[in-house]
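# Understanding the architecture of this molecule
Read off the chains here:
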Amino acid sequence: MPNQDITAILAARHHDPFAWLGQHEEGGQAVQRVFLPGAQAAWIETPTGWEAMQRLHDDGLFVHWGGPLPSPYRLRWQDARGSHERHDPYVFWPVLGDLEVYLFGEGRLYEAYRHLGAHLRRQQEVDGILFAVWAPNAERVSVVGDFNGWDGRAHPMRVRGGSGLWELFLPDLGAGELYKFEIRHRDSGAVFVKTDPYASAFQLRPSTAAQVVDSQYQWQDGQWMQERPQRDWQHAPINCYEVHLGSWQRGADGAFLNYRELAARLIPYCQDMGYTHLELMPVMEHPLDESWGYQVSGYFAPTSRHGTPDDFRAFVDACHQAGLGVLLDWVPGHFPKDDWGLARFDGTPLYEHADPREGEHEDWGTYIFNYGRNEVRGFLLANACYWADCFHVDGLRVDAVASLIYRDYSRKAGEWIPNQYGGRENLEAISFLREMNIILNERQPGILTIAEESTAWPMVSRPTYVGGLGFSMKWNMGWMNDTLAYLQENPIHRRYHHNELTFSQLYAYTENFVLPLSHDEVVHGKGSLLDKMPGDTWQRFANLRLLFSYQCAHPGKKLNFMGNEFGQGREWDCGRGLDWWLLERDWHQGIQRLARDLARCYRTLSPLHDQDFQGEGFSWIDCHDAEQSVLSFLRRDRQGDFVVALFNFTPVPREHYRIGVPQAGTYREVLNSDAPAYHGSGVGNGPKAAQDTPWMGLPYSLELTLPPLAALFLTRA
């Protein structure tokens, strides 16, 4: 027998264990070889019964000579952990097909999540688990777990040619098994243990092992999924409630709620408040609670903090049955450096760039994906498809797009490498984002993709065939920054900052915008939205009601972070639930009632949503009254119906304030943010007949009382 094979097997350095282990023909005889580290004795099943195997080495190497055995055959052995009986894994055929291997190398295996990772399979009439992983610079890769005492010598894998893919079918194992991959680098000989990049479940942190799961979930959202491709989302109301599942509410003992418990509490609340979509901060597995999910370690696994993958499926299913869409934050821009994760996965910069000028985000202490590498691009594309295909999510909000598309993002001169043309654009990342949007929309018509992109990059939300990035929508960070900056000014100074409110109309229709009041505005010492508002208690709450009313009326889809809707008093803390006890107070009840009524107005009054992305849906009545800090405009739908929106940004009521209106008739308030129901002062107007007095370039006019620090929405009665 070739001594180099024995030496390599015993040292766990054999690059092709199937060439020596298992059943082979040698000298006209069949020979079966097994390596069972630590085994004291071993037996093999033959047609005539169990036969003892001959020991070749004290470490657990055994051989059997004789006629060829029907394959697969079973083994028995005795070691310090007890007695065991399983089929020999080294007599099973390769499982990954040549087409899958080819497409993976091309970065076009969009269902790689069905092939890589760990999957329950029936192979050659035997049940077991197929493990597969990509590690092109490994000399040897082994599956380790409870089933082999975490011994990397026990189950080395089969390499598939030059693809860098390794696979191994382990018979007689089932759901629930914990596992990792042990990798030996081919040049340095370094041995390290990594978790599975394609794992669909993990142990609860701080443990990091992957877990084999078997989904038995039966979806009940067929009607929702059938109708979704036909929905005209561009002209529909989209009002998102951004939620961090770990801190929306907690259990009585302070523990995380399960996905199913969250469904029972969160969905009725969203229905009552009138939201159309839940936007979840990352639910992908992550090691550190304080990262809020943005440092992902398990891209294909819903975090075990809240239960199993099927529990999360049940959550999404329940949302759909309640008429609520589900959007997920998705983080393809970077990943953490934990030594058990993706970082230097096979001992080399595999998923990331080798050069830190391309491969590291110093701000976040993370690595950057190498979007120019087919297998890495394919990993991310398959991941996007996975959440859409396997969890029925209705969209992905892509985090930190600017960090992807600019090579010099948050870098000083000399700390970044230009592209091949000498520019700062990351051409590979741009190509990846376009492909991601194309593939998702081809596979799941009606799905939404939303970019958190904070620069002036053109056509983020325009189709790829006209040169855009292909996103459905983009967060309007300019509107958010300008609006909050304006409202933080003392009202007496707002007259000097009027342009911060009007500037957004210069670019409002260059993209399909979402107006975000997100988690980023209420953390890191920024305070809550309520904290940002100036003045005494009455003015602070009035300003907050005014902010939410302005957001509702301004063109663009809407997003609010949890707690905003009832005036959370402190900035967000991911380590505990929101201060729901505040709703015992009138001030906070008023904010919540207003948020609920604004959502109703936005959904039921088509002028407020029908042309969110078209300039024809908006026209100024008066944008020049900076002296009184009053703003007024019209919102129109495609049928010509309109809503009059007025905003008084000072605490001074404006009596006999005349505004122009386009049509005769009687106008009534459909919303007054100063109403007593919202704990306002109650200044307002009854029905008003339009006067035949042209004003502000419009043929008719109304004489109104504008309540202090308040908004009015008017329609024709």
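Okay, the overall build of the protein next. Within the protein one finds 14 helices and 37 strands. The dimensions of the protein, computed from C-alpha atoms along their principal axes, are 110 × 55 × 45 Å. Out of the 717 residues in the protein, the part that is buried amounts to 62%. Residue pairs in contact within the protein that sit at least 24 positions apart in sequence constitute 70% of those at least 6 positions apart. Summing over all exposed atoms, the protein offers an accessible surface of approximately 26,500 Å²; the carbon and sulfur share of this is 48%. Here the protein contributes 64 positive and 91 negative side-chain charges, whose respective centroids are spaced 2 Å apart.

So, on to the sheet that holds strand β35 (residues 688-689). Spatially, the six strands line up as an open sheet ordered β30-β31-β32-β37-β34-β35, and their pairing is antiparallel. Only two strands of the sheet have a single neighbouring strand rather than two, namely β30 (618-622) and β35. Relative to strand β37 (residues 710-716), strand β34 (residues 666-672) runs antiparallel, the two being bridged by five bridges. Bridge pairing in β37 places L671 opposite F713. Its contacts with the sheet put helix α14 (residues 586-604) on β34 and β37, and the angle it makes with β34 is roughly 135°.

So, about the sheet that holds strand β12 (residues 158-159). In any sheet, the strands associate via hydrogen bonds between backbone groups, in a parallel or an antiparallel arrangement. The strand order across the open sheet formed by four strands is β9-β10-β13-β12, and the pairing between neighbours is antiparallel. Lying at the two open borders of the sheet, with one neighbouring strand each, are β9 (117-123) and β12.

In this section: helix α7 (residues 374-391). Given a rise of 1.5 Å per residue, 18 residues ought to cover 26 Å, and the 25 Å separating the end C-alpha atoms of α7 matches this to within 8%. Most pronounced at C385, the bend in α7 amounts to some 25°. Most of α7 is tucked away: 17 of the 18 residues are buried. Positive phi appears at H392, one or two residues downstream of α7, with a value of about 60°.

Taken together, the side chains of M459, Y465 and V466 present a nonpolar region at the surface, about 340 Å² in accessible area. Relative to the helices and strands, M459 is located in the loop between β26 (448-451) and β27 (473-475). Taking relative accessible area as the criterion, M459 reaches 33% and is therefore assigned partly exposed.

Right, let's get into the nonpolar core. Core analysis: the biggest nonpolar cluster contains 189 residues, and F131, F315, Y351, F647 and F713 have the highest contact counts within it. If one sorts the elements of this core by residue count, α7 sits on top with twelve residues. Look past the residues within four positions of F315 in its chain and what remains in contact with it is L245, Y259, L262, A263, L266, I267, L278 and L280.

The tally for this structure, following the rule as stated, stands at 54 aromatic pairs. Geometrically, the ring pair formed by F312 and F391 is tilted, given 5.6 Å between the ring centres and 50° between the ring planes. With a gap of 79 residues between them, F312 in helix α5 (residues 309-321) and F391 in helix α7 connect regions that are remote in the sequence. In this structure, R158 is placed above the aromatic ring of F18, and the distance from its NZ or CZ to the ring centre is 3.6 Å. The residue whose ring lies beneath R231 is W224, and the NZ or CZ to ring-centre distance is 4.0 Å.

Turning to the environment of L714, a few remarks are in order. Looking at the secondary structure, you find L714 in strand β37. Among the residues examined, L714 registers a relative accessible area of 3% and is labelled buried. Along the chain, L714 and V670 lie 44 residues apart, while their C-alpha atoms are 5.6 Å from each other. In contact with L714, other than residues within four places in its own chain, are F642, V643, V644, L646, R668, E669, V670, L702 and L704.

A few words now on the pairing of strand β2 (residues 29-35). Within β2, six of the seven residues are buried, leaving the element largely enclosed by the surrounding structure. Sheet topology note: the strand β1 (residues 22-26)/β2 ladder contains five bridges and is antiparallel. Each residue of the ladder has a partner; that of E26, found in β2, is Q29. What sits between β1 and β2 in their antiparallel hairpin is a turn of two residues, with G27 showing a positive phi close to 60°. Here β2 runs beside strand β6 (residues 61-66); their pairing, made up of six bridges, is antiparallel. Residue pairing in the sheet places Q32 in a bridge with H64 of β6.

A few words now on helix α2 (residues 98-106). Within α2, burial applies to V101, L103 and F104. Buried residues along α2 sit against β10 (126-134), β13 (165-171) and α7. Positive phi shows up at G107, right after α2, with a value of about 75°.

Within the secondary structure layout, G569 lies in the loop between β29 (557-561) and α14. Along the backbone, G569 and R344 are 225 residues apart, and their C-alpha atoms lie at a distance of 43 Å. Leaving out residues up to four positions away in the same chain, G569 has contacts with S528, L530, D531 and L582.

With that settled, consider the pattern of salt bridges. Close approach of charged atoms allows side chains of opposite charge to pair. Enumeration according to the criterion identifies 44 salt bridges in this entry. In this structure, the salt-bridge partner of E45 is R74, at a minimum N-O distance of 2.8 Å. You can see E45 sitting in strand β3 (residues 41-46) and its partner R74 sitting in strand β7 (residues 74-79), a full 29 residues away along the chain. Here R74 falls in the partly exposed class, since its relative accessible area comes to 28%. Between E227 and R231 there is a salt bridge, with its nearest N and O atoms 3.8 Å apart. The exposure class assigned to E227 is partly exposed, which follows from its relative accessible area of 36%. Accessibility expressed as a relative area gives 33% for R231, which makes it partly exposed. Ionic contacts of the salt-bridge type, sharing partners, join the residues E279, D329, R397, D399 and E452 into one network.

Where helix α4 (residues 259-273) contacts α5, the axes come no closer than 8 Å and their chain directions differ by 20°. It follows from the interaxial angle that α4 and α5 lie roughly parallel. When you trace α4 past α5, the crossing you get is right-handed. Of the residues in α5, those in contact with Y259, R260, L262, A263, L266 and I267 of α4 are D310, D311, F312, A314, F315, A318 and C319. The class makeup of the residues in the contact of α4 with α5 is ten nonpolar, no polar and three charged.

So, how was this worked out
Residues numbered from 1 in each chain as written. Predicted model: local features only at pLDDT ≥ 70, side-chain atom pairs only at ≥ 80, totals over all residues. Heavy atoms only, no water. Helix = DSSP H or I, 4+ residues; strand = E, 2+ residues; numbered from the N terminus. Buried < 20%, exposed > 50% of the residue type's maximum accessible area, 1.4 Å probe, protein only. Contact = heavy atoms within 4.5 Å. Areas by Shrake-Rupley, 256 points an atom, 1.4 Å probe, with all protein chains shown as cover. Lys, Arg positive; Asp, Glu negative; His and termini not counted. Charge placed at Lys NZ, Arg CZ, Asp CG, Glu CD. Pairing = 2+ DSSP bridges. Axes fitted to C-alpha atoms, helices over the stretch in contact; angles between N-to-C directions. Expected span 1.5 Å × (residues − 1). Bend = angle between axes of the 7 residues up to and from the residue. Patch = residues over 30% accessible without salt bridge, like charges linked within 9 Å, V, L, I, M, F, W, Y side chains within 5 Å. Salt bridge = Lys/Arg side-chain N within 4 Å of Asp/Glu carboxyl O. Core = buried A, V, L, I, M, F, W, Y, C linked by side-chain atoms within 4.5 Å. Phe/Tyr/Trp six-rings, centres within 6.5 Å; stacked < 30°, edge-to-face > 60°. Lys NZ or Arg CZ within 6 Å of the ring centre and 35° of its normal. Parallel < 35°, antiparallel > 145°, perpendicular 65-115°, else oblique. Left-handed = near helix turned anticlockwise from the far one by under 90°. Nonpolar A, V, L, I, M, F, W, Y, C, P; charged D, E, K, R; others polar.

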